[in-house]
2 protein chains.
Amino acid sequence: MELPLKGIIVLEFCQYLSGPSAGLRLADLGARVIKIERPEIGEAGRSLSIKNLWVGSDSLLFHTINRNKESYTANLKNAEELAAIKQLIKHAHIITHNFRPGVMEKSGLGYEAVKAINPGIIYAEVSGYGKNGPWKDLPGQDLLIQAISGLTYTTGNANQSPIPFGISIADMICGEHLVQGILASLIRKAKKGVGAHIEVSLLESLLDFQFELLTTYFASNKQPERSLINNGNPLLSAPYGIYQTKDGYIAIAMVNLLQLAEAIESDALAKAAVKNPFEYRDDIKQICADHLLTNTSQHWLNKLHAIDLWAIEVLDWQKLTTLPAYQQLQIEQVIAIDEQQKIITTRCPIRINGERLLSNKSAPLLGADTEKIKQEFQIA
Amino acid sequence: MELPLKGIIVLEFCQYLSGPSAGLRLADLGARVIKIERPEIGEAGRSLSIKNLWVGSDSLLFHTINRNKESYTANLKNAEELAAIKQLIKHAHIITHNFRPGVMEKSGLGYEAVKAINPGIIYAEVSGYGKNGPWKDLPGQDLLIQAISGLTYTTGNANQSPIPFGISIADMICGEHLVQGILASLIRKAKKGVGAHIEVSLLESLLDFQFELLTTYFASNKQPERSLINNGNPLLSAPYGIYQTKDGYIAIAMVNLLQLAEAIESDALAKAAVKNPFEYRDDIKQICADHLLTNTSQHWLNKLHAIDLWAIEVLDWQKLTTLPAYQQLQIEQVIAIDEQQKIITTRCPIRINGERLLSNKSAPLLGADTEKIKQEFQIA
C-alpha cells in the first residue's frame, strides 16, 4: 500500500514531545520527516533519559518519539549554515517548530521570512500559552499547563489535592491538533495551491480537551465536583468509578442501580437505588465500595456480565500484555537500532485498508543524514 | 478565509463522544457534517444529560459535541429509507461510524457495500477493542477501556487504587486519530483518486497514547511505579508534582534540586539533593511537601521564579477564567440556540493564518435537515 503522505517533506525544528510526536505521526503516515538539530548536542530530548535507559548515546524516550525520521545538523547562528537551511526550505512542504515565541523569528526563520522563500509552505507552530499575552514567555511545560488549565480538579477524589494526569496530556493532545491543522492545510493546498500558517498552544489544546466539562461549567458557573470516593468523572452519577474487591479492582461504568443491586445481591444498594444517583453519588458509591470488598473480582464480574452490565477487570501491563485479546491487536513493533540492539514500541494506532502502519527505522544518529540531504538537494 | 475542508461532505453514523468529536473537528475545519439519526429518538447522546442540563429537548452535552452539524433521519430497517441513504452516499466524501463491529454490515452499510456504491469513499470507523478477537463484542465504553489499558496505574500515588482520568480520554484521543486517518486519506485521494478504509479503536488509541511509558515497560519489564506521594508522572524524578502550600497548591516541574533547596531555603532538601532524584524521589518529595506547607503559594512562586525554576500556581476554572492571560486566548465562543437561549463552549483549538475557527451554528434538532437534503440531492 502507498502511504497517504508519501512525497511530503517535513522540516522539524522541534524538541521534547509535543512537536516531535506530531512529526512521528506524519512519518508513520508516509511523510519524510527531517529533524533540524544543533550540531554536537542535537535536540534537547536526546539527553533526557528516564531511569537511565539509553540506546547508544541517545535516550530511549528520544528513540520512542523520533523513530522513522532523518537528522540534519545546522548552526542557525552561522550565516552559511542558515543559508543552506533556507535552500532546503525551498524543497519542503511543511515546517514545524515548538520553540518559545520569538525564537524562530530571531533566527530569521519566522513565518513571514519562510513564506518569502517558499510561498506555499505550511508553517505549523506550537507555543505553551499562545503567542501573545502575559503568559507567552512562561515555560511551556506539560505539568505547568495541566496545573493552570483546571484539569487537575477532574481526577481523584473531592477530599484530595488536585491530581495531575500521569501522562503528558498537554503535549500529546496538542501534537494531535498540530497534525490535524497540517493535514487540513495540505488538503486545501491540493485544491487551491495556497500554504498556511498553523498555530496551536498547549493551553488552548488542553482547554478544548476539557470541552464537555467547560461547557457545563459555563452553563452552571460551578466547577464540576469530584465525588468523595471512587471518582471516575466529575460529571457522572454513581456508581461510575473503580472499586476494590477482595483480590483486585474492577471498573463499573453507567449501570442501572436496581439491576446492579440485584446482580451483586446488596439490599442496602436496592434501598439506596431510589435516590438521585448524581445527588447522592457519595452515599451510593460508599455502599457499593463496602459491598464489593467482600468477594473477588471474578465473582462480581460473572454476576454483572450475566445481565450485561458494563464492568471490567482493572489491568496493569504485566497482565494485559499476556492476554490473547491484547496480542491479536499487534500494537507492538520492533525497531532494530543495529545488529545487536532493538527496542519494542507501539505502532501508529490508525489502520488503512486493513493494514497496520509499521516502520522499523530507528531514530537517526545526530546529523546522520546531513551530507546525503545536501547532495540530494544540491545545497552548497 | 476559506476553511480548508470546504466542499467536503461527511455522513456521520455516530453516537456519544468518540465519533461525534471527530465530526465536530471536521465541521470546524470547514466540512459539511450530516448526522444520520434514527427517527424519533435520534442519536443516543441526545438524551444523555449531565446534572439535568438541557437545551430544549436535547442534552447540553449533545449540543457541545454536535454544534455546526446537520441532522437527517432515516430508519435503516425500512427498505425505502435505506435506499435513500444509499443515494445520499453517492454524494458523500466521508462516512464515519462508531457502532459495534457488525452493526453497519447488518444494515447493509459495511465498507464493501458502501464502496460498491461510491468507490472513492473514505470510510472511517471506530471500535472499542478492534474488530476481531475475544473482546470485540464488549462495550466500547471509556472507563472500561481506561481500566484494561494500564492507564489507571499512571495517576495518583503508589499506595492508592488505580485512578482513572476524570475525562473521557479514550474517546477523545481516538476521535483525534480518526480525524488524522480521514485527513491523510483525503490527501492521498486528491493525488491518486483512491478512497480508503480507516479503522481505529479506543483501546489501540489509548495504548499508543501511553507510548512513552509502554516503551519503557517493554525495555525494563516493570510497570513504571507511581511515587508514594505527589506523583506527577511515574517516569519522572523528584520533585515533579503538585504540592500543597499554606493557602493553595503549586506545581513544580523539572528543577535542579540544589537550586530548589536554595530558593525555598530548605537545609533538609540541600542535604537530600545529593541523592539520586529518581531512586529517592519519595524521600525528597516528602521533604519538599513538609517545607512548602509552611508558607503561601505566592511566597514560594516569587522565590522560584526569581531564579527561573519551573513552577506555577494550580488553578481551578473559577480563578483561571478571570485572568487576562486566559481571556486573551479567546477560547470561548457563544452559540445561539434560538433568540432566547445561548450556550458558551470552547472553539476549535487550531488557528489558521492567525484566525480562530468559530461557528455559531448550534446542534441540529432531530431531522431538521432531512427534507432540505432530499431536495438538494434529488433523493426520491
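Note that this is a predicted model, so its numbers are computed, not measured.

Draft legend 1. Examining the pattern of salt bridges more closely. Applying the stated rule across the entire model yields 40 salt bridges over all chains. Close ionic contact of K372 of chain A with E70 of chain A constitutes a salt bridge, the shortest N to O distance being 3.2 Å. Highlighted residues: K372 of chain A in helix α16 (residues 370-376) and E70 of chain A in strand β5 (residues 70-73), separated in sequence by 302 residues. Exposure remark for E70 of chain A: the relative accessible area of 10% places this residue in the buried category. Between E376 of chain B and R32 of chain B there is a salt bridge, and its shortest N-O distance comes to 2.7 Å. Within this pair, whereas E376 of chain B is found in helix α16 (residues 370-376), its partner R32 of chain B is found in strand β2 (residues 32-37), the two being separated by 344 residues in sequence. Residues participating in the shared-partner salt-bridge network are R32, E70, D369, K372 and E376 of chain A.

Draft legend 2. Summary view of the interface of chain B and chain A. At the junction of the two partners, chain B supplies 134 residues and chain A supplies 134 residues. Carbon and sulfur atoms make up 68% of the area that chain B and chain A hide from each other, which totals about 12300 Å². At the boundary of chain B and chain A, one finds 8 salt bridges. In this structure, the salt-bridge partner of K192 of chain A is E2 of chain B, at a minimum N-O distance of 3.3 Å. For the pair chain B and chain A, the interface holds 44 residue pairs in polar contact (both at pLDDT 80 or more). Of the residues that constitute the side of chain B that touches chain A, the class distribution is 78 nonpolar, 37 polar and 19 charged. Inspection of the sheet shows strand β14 (residues 351-352) of chain A paired to strand β8 (residues 196-201) of chain B by 2 bridges, in the antiparallel sense. Bridging across to β8 of chain B, I352 of chain A finds its partner in I198 of chain B.

Draft legend 3. Layout of the confidence of the model for chain A. Taken over all residues, the pLDDT of chain A has a mean of 96, while the share at 70 or more is 99%. Both scores are available for the predicted complex, with the pTM at 0.97 and the ipTM at 0.97.

Draft legend 4. Highlighting the nonpolar core. With 146 residues, the main nonpolar core has L183 and F209 of chain A together with L183 and F209 of chain B as its most contacted residues. For F209 of chain A, the residues in contact, after removing those within four places along its chain, are L151, F165, I169 and I173 of chain A together with I167, I169 and M172 of chain B.

Draft legend 5. Region of the structure containing the pairing of strand β6 (residues 94-97) of chain A. Residues and elements named next belong to chain A. Residues I94 and T96 point to one face of β6 and I95 and H97 to the other, with burial holding for every one of them. Relative to β6, strand β1 (residues 9-13) runs parallel, the two being bridged by 4 bridges. From the neighbouring strand, F13 faces β6, where its bridge partner is H97.

Draft legend 6. Structural view of the relation of the copies chain B and chain A. With an RMSD of 0.0 Å, chain B superimposes on chain A once it is rotated by 180 degrees and translated 0.0 Å along the axis. Here the copies are linked by what is in effect a two-fold axis. Most of the interface of chain B is mirrored in chain A, where 100% of its interface residues are also at the interface.

Draft legend 7. Fine view of unusual backbone geometry. Residues and elements named next belong to chain A. Across the junction of A238 and P239, the peptide omega takes the value 5 degrees, indicating a cis bond. Among the secondary structure elements, P239 is positioned in the loop between α9 (211-220) and β9 (241-244). A positive phi is found at Y16, a non-glycine position, where the angle reads about 60 degrees. With respect to the helices and strands, the residue Y16 is situated in the loop between β1 and α1 (18-28).

Draft legend 8. Spotlight on the packing of aromatic side chains. Summed over the entire model, instances satisfying the criterion amount to 11 aromatic pairs over all chains. Ring geometry for Y111 of chain B and Y123 of chain B: centres 5.5 Å apart, planes at 55 degrees, overall tilted. Highlighted residues: Y111 of chain B in helix α5 (residues 111-117) and Y123 of chain B in strand β7 (residues 122-127), separated in sequence by 12 residues. A residue is classified by how much of its surface remains accessible, and Y123 of chain B, at 0% relative accessible area, is buried. Here the aromatic residues F165 and F209 of chain A together with F165 and F209 of chain B are joined through ring pairs into a cluster of three or more.

Draft legend 9. Summary view of the environment of A84 of chain B. Residue and element names in this part refer to chain B. Topologically, A84 is positioned in helix α3 (residues 79-89). You can call A84 buried: its relative accessible area is 4%. C-alpha separation for the pair A84 and A74, spaced 10 residues apart in sequence, amounts to 8.5 Å. If near-sequence neighbours (up to four positions away) are discounted, A84 is found in contact with Y72 and I379.

What counts, and where the lines are drawn
- Residues numbered from 1 in each chain as written.
- Chains lettered and ligands numbered in written order.
- Predicted model: local features only at pLDDT ≥ 70, side-chain atom pairs only at ≥ 80, totals over all residues.
- Heavy atoms only, no water.
- Salt bridge = Lys/Arg side-chain N within 4 Å of Asp/Glu carboxyl O.
- Helix = DSSP H or I, 4+ residues; strand = E, 2+ residues; numbered from the N terminus.
- Buried < 20%, exposed > 50% of the residue type's maximum accessible area, 1.4 Å probe, protein only.
- Contact = heavy atoms within 4.5 Å.
- Buried area = accessible area lost by both parts, 1.4 Å probe.
- Polar contact = N/O pair within 3.5 Å; in protein donor to acceptor, adjacent residues only side chain to side chain.
- Nonpolar A, V, L, I, M, F, W, Y, C, P; charged D, E, K, R; others polar.
- Pairing = 2+ DSSP bridges.
- pLDDT = per-residue confidence, 0-100.
- Core = buried A, V, L, I, M, F, W, Y, C linked by side-chain atoms within 4.5 Å.
- Least-squares fit on C-alpha atoms with pLDDT ≥ 70 in both.
- Phe/Tyr/Trp six-rings, centres within 6.5 Å; stacked < 30°, edge-to-face > 60°.

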